[in-house]
Each structure stands twice: as structure tokens, then as C-alpha cells.
Amino acid sequence: MSVLEPALRSLTDALLEAVRRQDWAVADAELETLAQAAVAAVVANRTDDLAALARLVARCHTALSLTGELDGGAMHRLGQLRALALTIAAARARTPPRPADALHAPGTPASAILSALGSGPQTCPALVEATGLSAEEVGSALPELRAAGLVHSWPAGRLTVNALRSG
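One structure accompanies this document, and this report is about it.

What counts and how
- Here the residue numbers are simple positions, counted from 1 along each chain's written sequence.
- In keeping with the model being predicted, local features are shown solely for residues with a pLDDT of at least 70 and side-chain atom pairs are shown and tallied solely at 80 or more, while totals for entire chains, interfaces and linings include all residues.
- Remark: hydrogens and water are excluded; side-chain values derive from all non-hydrogen atoms of the structure.
- Each helix is a run of DSSP H or I of at least 4 residues and each strand a run of E of at least 2, with the numbering of both proceeding from the N terminus.
- Should any heavy atoms of two residues lie within 4.5 Å, those residues are considered in contact.
- A pair of strands is considered paired only if DSSP assigns at least 2 bridges between the two.
- Put simply, a nonpolar core is a bunch of buried Ala, Val, Leu, Ile, Met, Phe, Trp, Tyr and Cys residues held in one set by side-chain atoms that sit within 4.5 Å of each other.
- Note on exposure labels: buried denotes an accessible area under 20% of the residue type's maximum, exposed denotes more than 50%, and partly exposed covers the range between, all computed with a 1.4 Å probe on protein chains only.

**What about the environment of Ala116?**
Reasoning step 1: Examined against the element boundaries, Ala116 turns out to sit in helix 6 (residues 109-117).
Reasoning step 2: Remark: the alpha-carbon pair of Ala116 and Asp13, spanning 103 residues in sequence, is separated by 38 Å.
Reasoning step 3: If we skip the residues at most four places from it in the chain, Ala116 touches Gln122, Leu127, Ala130 and Thr131.

Below, the structure written as C-alpha cells:
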């Protein structure tokens, strides 16, 4: 068990409470602290802390997902938690992110999504329909495309809109 786990649990509880209150400044500060803890754990190769972060970020993401009606602010923080969870998972697996040119390779889910987004911004369900990919394939490829700087996303009600990043 990680020595930091009680402090990290307190941090994720504070994040959930801030989102419930719609106190975005506090929520963002808690998210930033979680991200800094993840970076410190990666740099120092503290596997126990990374495991604790993975559990607690997943717990926080699930709790937030189950809170009924989410406004744009809460959806934005939910996306940030998902990105942080993916970053932690990659660090734990020691899998470096793929370069942008590899994501353009023909026949890949990422390439199909980039092609579909060429006609304009689309939600995840629209990307599933446009590409013929499963929702899981689209959901797995989008964070990688965002991390590579090829796609940006923003909340729109209960959905997320994705678009090619210009420039």
C-alpha cells in the first residue's frame, strides 16, 4: 500500500465535493495536484503510488459518472479525470505514446477517426456511425489523438464534441 494513499483519497474526495458544489477553481486545483502527484510518481518510479493513483482516479471518475445530470463544467472535469487515468495507465505499462505520424497510418482506428473528422466536428456516437468502428475503438483512439495534439474535444451537454486541431 502506498504511503500517500490516505492523502490521495482525501484529495479525490475534495475533488468530488468541489464538482458537486460547482466550485471549478477548487476542482481544477485538486486535479492539478493529482496530476503533479502522478508526474512525481512516474519520475521517481514509485509503483505503489501509481497503483494507488490508478485506483483512486478510477474511483473518482466512476463516482462522478454516476451523479446523474452533469453540466458542462462537470463533464469537462470528467474528461480530465479520464485523461489522467489513461496517463497513469500508460506510465504503469511503460508504454510510450505513439507519435502523430503513426496515428495517421491507413487502416487504423485513429486514421478512420481523423478522416471522419475531416468533414467537421462530431460526437462519439456520430464517429461510431461514420467510421463503422465500435464505441470502444473510438473511445480508445480519441485520447491518443488528443495526446498527440491532432484532436481537441469539448463538452456539449451529455456528449463530447471532437474536432481536428487546426494549425
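Don't stop here, the text continues.
**Quick word on the pairing of strand 2 (residues 151-156)**
Within a regular beta strand, the side chains point alternately toward one face of the sheet and then the other, so they alternate between its two faces.
Reasoning step 1: Taken together, the six bridges between strand 2 and strand 3 (residues 159-164) define a ladder with antiparallel strand orientation. Residue Ser153 lies in a different strand from strand 3, and its bridge partner there is Asn162.
Reasoning step 2: Turn length for the strand 2-strand 3 hairpin, with the two strands adjacent in sequence and antiparallel, is two residues, and the turn residue Gly157 shows positive phi of about 70°.

**Structural notes on the nonpolar core**
Among soluble globular proteins, nonpolar side chains are generally buried collectively.
Reasoning step 1: By size, the foremost hydrophobic cluster in this structure holds 27 residues, and its most contacted members are Leu8, Leu15, Leu34, Leu53, Leu64, Leu81 and Ile88.
Reasoning step 2: Elements with a contribution of two residues or more to this core: helix 1 (5-21), helix 2 (24-43), helix 3 (47-65) and helix 4 (72-93).
Reasoning step 3: Setting aside residues up to four positions removed in sequence, Leu64 forms contacts with Leu16, Val19, Leu70, Ala74, Arg77, Leu78 and Leu81.
Reasoning step 4: Within the second largest apolar cluster, 14 residues are counted, among which are Ala110, Ala141, Leu142 and Leu145.

**With respect to the environment of Leu164**
Reasoning step 1: Residue position: Leu164 is located in strand 3.
Reasoning step 2: C-alpha of Leu164 to C-alpha of Met75: the two residues are 89 residues apart in sequence and 20 Å apart in space.
Reasoning step 3: When residues no more than four places from it in sequence are discounted, the contact partners of Leu164 are Leu114, Leu117, Gly118, Leu150 and His152.

Interpretation note: all reported values are geometric properties and have no functional meaning in isolation.
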